[in-house]
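# Fold and geometry: a report
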Amino acid sequence: MSTYARAMTAMYTAAALTLAYSAVQEALHGLLWVAISCTAGAVMAVTAAIRETDIDHQLRAVAVQVERAVRPPYDPVEGIVRVTLASACCETWWTSIGTDHEGACRNAPRSNAA
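Quick caveat: nothing in here was measured; it's all calculated off a predicted structure.

## Some words on helix α2 (residues 32-70)
Here α2 spans 57 Å end to end across 39 residues, near enough to the 57 Å set by a 1.5 Å rise per residue. For α2, the complete set of buried residues consists of Ala 35, Cys 38, Gly 41, Ala 42, Ala 45, Ala 48, Ala 49, Glu 52, Thr 53 and Asp 56. Looking at the packing, one finds that the buried side of α2 touches α1 (3-29).

Take a look at the structure:
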């Protein structure tokens, strides 16, 4: 959730709680029509908070769709080539089709002659 959406949701929630408290106090000690008005305001503030989070989720979904649309398609052949090139240990091994290694290659056969 973005900072703006989080702040707006917090303000709407605070307004809803304040209006709900006012509605309860007014229903117990005051005029009924004021209590009904405060209740309606609290419901509207809760609805606004839910709407704010829904808008934020929709914006994120659109951003993900745009990012996926811009991304180039995955080519499986390119992936296989990258893995094969990464597994090549030295130039001589690559050019000799896996039969010989360079002297400094970590996979070169070591002689046991001492």
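## Here's the deal with the environment of Asp 56
Structurally, Asp 56 is set in helix α2. With 50 residues separating them along the chain, Asp 56 and Arg 6 place their C-alpha atoms 9.4 Å apart. Residues in contact with Asp 56, not counting those within four places in the same chain, are Met 1, Ser 2 and Ala 5.

## Regarding a nonpolar patch on the surface
On the surface, Val 62, Val 66 and Val 70 cluster together into a nonpolar patch covering about 280 Å² of accessible area. When you line up the elements, Val 62 lands in helix α2.

## A look at the environment of Thr 53
Considering the arrangement of structural elements, one finds Thr 53 in helix α2. Dropping the residues within four chain positions of it, Thr 53 is found in contact with Met 1 and Thr 9. Of note is the side chain of Thr 53, whose polar atom sits 2.8 Å from the backbone oxygen of Ile 50.

## Regarding the packing of α1 against α2
The N-to-C vectors of α1 and α2 enclose an angle of 165 degrees; their axes lie 8 Å apart at closest approach. One way to sum up the angle between α1 and α2 is to call them roughly antiparallel. Both α1 and α2 take part in a crossing whose hand is left-handed. Here the contact of α1 with α2 is built from residues that sort into 18 nonpolar, six polar and three charged.

## Concerning the confidence of the model for the protein chain
Taken residue by residue, the protein chain gives an average pLDDT of 82. The fraction at 70 or more is 85%. Of all the helices and strands in the protein chain, helix α4 (residues 91-95) carries the lowest mean pLDDT, 67, while α2 carries the highest, 90.

## Side note on the pattern of salt bridges
Summed over the entire model, instances satisfying the criterion amount to three salt bridges. Arg 71 is paired through a salt bridge with Glu 67; the nearest N and O atoms lie 3.1 Å apart. Between Arg 82 and Glu 78 there is a salt bridge, with the nearest N and O atoms lying 2.9 Å from each other. Note that Arg 82 and Glu 78 are positioned in helix α3 (residues 76-87) at a spacing of four residues, about one turn of the helix. According to the relative accessible area criterion, Glu 78 is partly exposed, its value standing at 40%.

How each quantity is defined
In every chain, residue numbers begin from 1 and rise along the written sequence. Reporting in this predicted model follows two pLDDT cut-offs: at least 70 for local features of residues, and 80 or more for side-chain atom pairs to be given and counted; totals over whole chains, interfaces and linings ignore these cut-offs and use all residues. Side-chain figures throughout are based on the complete set of non-hydrogen atoms in the structure, without hydrogens or water. Secondary structure follows DSSP: runs of H or I at least 4 residues long count as helices, runs of E at least 2 residues long count as strands, and numbering of each begins at the N terminus. By this rule the span expected of a helix is its residue count minus one, scaled by 1.5 Å. Here's how the labels work: a residue is buried when its accessible area is under 20% of the maximum for its type, exposed when over 50%, partly exposed in between, all with a 1.4 Å probe on protein chains only. In this description, contact between two residues means that some pair of their heavy atoms is separated by no more than 4.5 Å. The patches reported here contain residues having more than 30% relative accessible area and no salt bridge. Joining distances are 9 Å for like charges and 5 Å for nonpolar side chains (Val, Leu, Ile, Met, Phe, Trp, Tyr). Working definition of accessibility: Shrake-Rupley area with a 1.4 Å probe, residue cover restricted to the visible protein chains. The salt bridge definition used is simple: a Lys or Arg side-chain nitrogen within 4 Å of an Asp or Glu carboxyl oxygen. Pairs of N or O atoms are called polar contacts if they sit within 3.5 Å, as long as, within protein, a hydrogen donor faces a hydrogen acceptor (for residues adjacent in sequence, only side-chain-to-side-chain pairs). Working convention: axes come from line fits to C-alpha atoms, limited for helices to the stretch in contact. Angles between N-to-C directions cover 0 to 180 degrees. An angle below 35 degrees is treated as roughly parallel, one above 145 as roughly antiparallel, one from 65 to 115 as roughly perpendicular, and anything else as oblique. Left-handed describes a crossing in which the near helix is turned anticlockwise from the far one by less than a right angle; the clockwise case is right-handed. Gly is put with the polar residues, along with every residue not named as nonpolar or charged; the nonpolar set is Ala, Val, Leu, Ile, Met, Phe, Trp, Tyr, Cys and Pro, and the charged set is Asp, Glu, Lys and Arg. pLDDT gives the predictor's per-residue confidence on a scale running from 0 to 100.

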